[in-house]
Amino acid sequence: MTAPYPATDKEPLRRLTSHELRFRRLQVVSITPVTHRLTRVTVGGAELDGFTSLAPDDHVKVLFPPPGADEPSFPEVVAGHVSWPPGRSRPLARDYTPTRFDAKARELDIEIVLHEGGHATAWLRKQARPGAILGVAGPRGSHAFTRVPSSLLMAGDETVLPAIARWLRELPAGTDVHAFIEVNDSRDEVPLPTRANLKVRWLHRGRAEVGTTTLLADAVRSAALPQFEYAFVAGEAGAVKHLRLYLLNELRLPSDAFSARGYWKRGTDDHQEPHDD
Ligand SMILES: Cc1cc2nc3c(=O)[nH]c(=O)nc-3n(C[C@H](O)[C@H](O)[C@H](O)COP(=O)(O)OP(=O)(O)OC[C@H]3O[C@@H](n4cnc5c(N)ncnc54)[C@H](O)[C@@H]3O)c2cc1C
């Protein structure tokens, strides 16, 4: 087990930069299977001009068309204020990590985990095709690093894999990273290209239902990790709670030395936790 952390008065590692809120009407460029349960959707269009995502755990709100419709409805945004005119129904919207943005090609990638009962999964199975229209709102803000930490802990399930993979692609050489990733089995594992010194542990839940295990917290707790400067943990809300308690109560990490966020909650549609971006 890792020893508790001493208190420090160092400058916070991350600072919030806010971005202009825009709802972008974009076309699906391509749909690419990453694994049998993870699909990359590339969207593009001139409305991506000005898109900004400064941190790998940023998120965008993806607006999906309702069944049978060609595109989602969009709100009006005046001076940063979002309003839905009477009679215009709000579309189904879900949070995704912007994994790659190419300003020149005007393309943005998101990666969607397929699961039973998922509205985004239903869209992928029934409506997704090149040329289909999606809305993308945000990111509203990015918690960018004020300096790159020398060592990081990352832990999450497959919904966090797109963010973890982006962190790893962006971190410079010399950064030490211990990553713990919970998935069903080896078919969910993906290559994680990085210049960082990466030690990754894939945790297989096997036949256990997703969102019912304590695999992540158990593995992090028993790993005897060297002290790390920053921790990024996310995933199913219950699993994240175990990790958050470990970081706070046992390691006594200061709250600005980690981010712990439930990305989804078993049994709840469109789970939302308070956040400041
Ligand atoms: C900051 C942030 C970044 C995120 N990035 C990504 C990302 O890059 N890729 C990604 O796939 N997800 C990501 N998520 C999680 C995603 O927003 C949720 O999983 C969302 O609920 C998916 O919507 P849905 O339409 O599939 O399911 P919903 O309609 O929201 O839920 C339907 C049912 O499915 C369950 N459910 C939801 N997600 C899962 C799951 N992954 N596995 C099994 N059951 C589930 C719910 O508990 C509910 O019972 C992110 C969330 C946040 C907050």
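Predicted model only: the values in this text are computed from it and were never measured. (Residues numbered from 1 in each chain as written. Predicted model: local features only at pLDDT ≥ 70, side-chain atom pairs only at ≥ 80, totals over all residues. Heavy atoms only, no water.)

Asker: I tried to follow the site of the ligand on my own but got confused; where do I start?
Answerer: Near the ligand there are 25 residues, and of these Asp95, Glu111, His115, His119 and Lys265 occur at the shortest range. At 2.8 Å, a backbone N or O of Val113 approaches an oxygen atom of the ligand. His115 has a polar side-chain atom sitting 2.6 Å from an oxygen atom of the ligand. For the ligand, the cavity whose grid points lie within 2 Å of the majority of its atoms is the largest pocket. A breakdown of the residues in the shell around the ligand according to their chemical character gives 8 nonpolar, 9 polar and 8 charged. (Near = heavy atom within 4 Å. Polar contact = N/O pair within 3.5 Å; in protein donor to acceptor, adjacent residues only side chain to side chain. 1 Å grid on protein atoms, 1.4 Å probe; cavity = no way out; pocket = protein on both sides within 12 Å on 5 of 7 lines; lining within 4 Å. Sits in = over half its atoms within 2 Å of the grid points. Nonpolar A, V, L, I, M, F, W, Y, C, P; charged D, E, K, R; others polar.)

Asker: Got a minute to help me understand the pairing of strand β10 (residues 133–137) in this structure?
Answerer: Side-chain direction in a regular strand flips from residue to residue, so the side chains alternate between the two faces of the sheet. Across the 5 residues of β10, 5 count as buried, placing the element largely inside the fold. By the alternation rule, side chains of β10 split into Ile133, Gly135 and Ala137 and Leu134 and Val136, which are all buried. Note that strand β2 (residues 23–35) and β10 share 5 bridges and pair antiparallel. Bridge assignment links Arg24 to a residue of β10, and that residue is Val136. In this sheet, β10 lies alongside strand β4 (residues 60–64) in antiparallel orientation, the contact comprising 3 bridges. Across the sheet, the residue bridging to Val62 is Val136, located in β10. (Buried < 20%, exposed > 50% of the residue type's maximum accessible area, 1.4 Å probe, protein only. Helix = DSSP H or I, 4+ residues; strand = E, 2+ residues; numbered from the N terminus. Pairing = 2+ DSSP bridges.)

Asker: Even after reading the chapter, I still don't get the side chain of Arg205, so can you show me in this structure?
Answerer: Assignment of secondary structure puts Arg205 in the loop between β14 (197–204) and α3 (215–221). With a relative accessible area of 6%, Arg205 lands in the buried category. Every residue in contact with Arg205, bar those within four places of it in the chain, is listed here: Arg37, Asp157, Glu158, Glu182, Val183, Asn184, Val210, Thr213 and Leu215. (Contact = heavy atoms within 4.5 Å.)

Asker: How do you make sense of the environment of Pro56 when you look at a structure like this?
Answerer: Here Pro56 shows up in the loop between β3 (38–44) and β4. Owing to a relative accessible area of 7%, Pro56 belongs among the buried residues under this scheme. Put simply, Pro56 and Arg187 are 131 residues apart on the chain and 24 Å apart in space, counted from C-alpha to C-alpha.

Asker: What is the right way to read the layout of surface pockets from this model?
Answerer: If a probe the size of a water molecule is rolled over the atoms, the empty space left behind becomes visible. Of the voids in this model, the largest pocket is the one considered here, and its volume is about 1100 Å³. Elements supplying a minimum of two residues to the lining of the largest pocket: β7 (92–96), β9 (107–113), α1 (119–126) and β16 (258–264). Taken together, the residues of the lining of the largest pocket sort by class into 10 nonpolar, 15 polar and 20 charged. Lining the second largest pocket we find 22 residues, and of these His143, Tyr230, Phe258, Ser259 and Ala260 sit closest to its centre. For the lining of the second largest pocket, the secondary-structure elements that each account for two or more residues are β11 (141–145), β15 (230–236) and β16. Among the elements that take part in the lining of the second largest pocket, β16 stands out by supplying 5 residues, more than any other. Taken together, the residues of the lining of the second largest pocket sort by class into 8 nonpolar, 5 polar and 9 charged. (Points joined across faces, edges and corners; volume = space filled by probe spheres on them.)

Asker: Would you take a moment to explain empty space enclosed by the protein for this structure?
Answerer: Scanning all chains against the criterion turns up 2 cavities of 30 Å³ or more. Every residue lining the largest cavity is listed: Asp157, Glu182, Arg205, Val210, Gly211, Thr212, Thr213, Leu216, Ala234, Gly235, Glu236 and Ala239. In terms of residue count, β15 provides more of the lining of the largest cavity than any other element does, 3 residues in total. Class assignment of the residues belonging to the lining of the largest cavity gives a composition of 4 nonpolar, 4 polar and 4 charged. Its boundaries defined by the atoms lining it, the second largest cavity holds a volume of some 50 Å³. Forming the walls of the second largest cavity are Thr35, Arg37, Leu38, Val113, Glu158, Leu161 and Asp188. Of the residues assigned to the lining of the second largest cavity, the class counts are 3 nonpolar, 1 polar and 3 charged.

Asker: Explain the pattern of salt bridges here, please?
Answerer: Summed over all chains, the structure comprises 22 salt bridges. The partner of Arg94 in a salt bridge is Asp270, and the shortest N-O contact between them spans 3.7 Å. Note that Arg94 is positioned in strand β7 and Asp270 in the segment after β16, a separation of 176 residues in sequence. Residue class for Asp270 comes out partly exposed when judged on its relative accessible area of 34%. Shared partners join several salt bridges into a network, and the residues in it are Arg40, Arg100, Asp102, Glu107, Asp109 and Glu111. (Salt bridge = Lys/Arg side-chain N within 4 Å of Asp/Glu carboxyl O.)

Asker: Just checking my understanding: could you explain the packing of aromatic side chains for this structure?
Answerer: Each aromatic ring pair is summarised here by two numbers: the centre-to-centre distance and the angle between the ring planes. Evaluated as defined, the whole model comprises 6 aromatic pairs. Seen from their ring centres, Phe145 and Trp167 are 5.4 Å apart, and the 50° between their planes marks the pair as tilted. One end of the pair, Phe145, is in strand β11; the other, Trp167, is in helix α2 (residues 161–170), with 22 residues separating them in the sequence. Among the residues examined, Phe145 registers a relative accessible area of 23% and is labelled partly exposed. (Phe/Tyr/Trp six-rings, centres within 6.5 Å; stacked < 30°, edge-to-face > 60°.)

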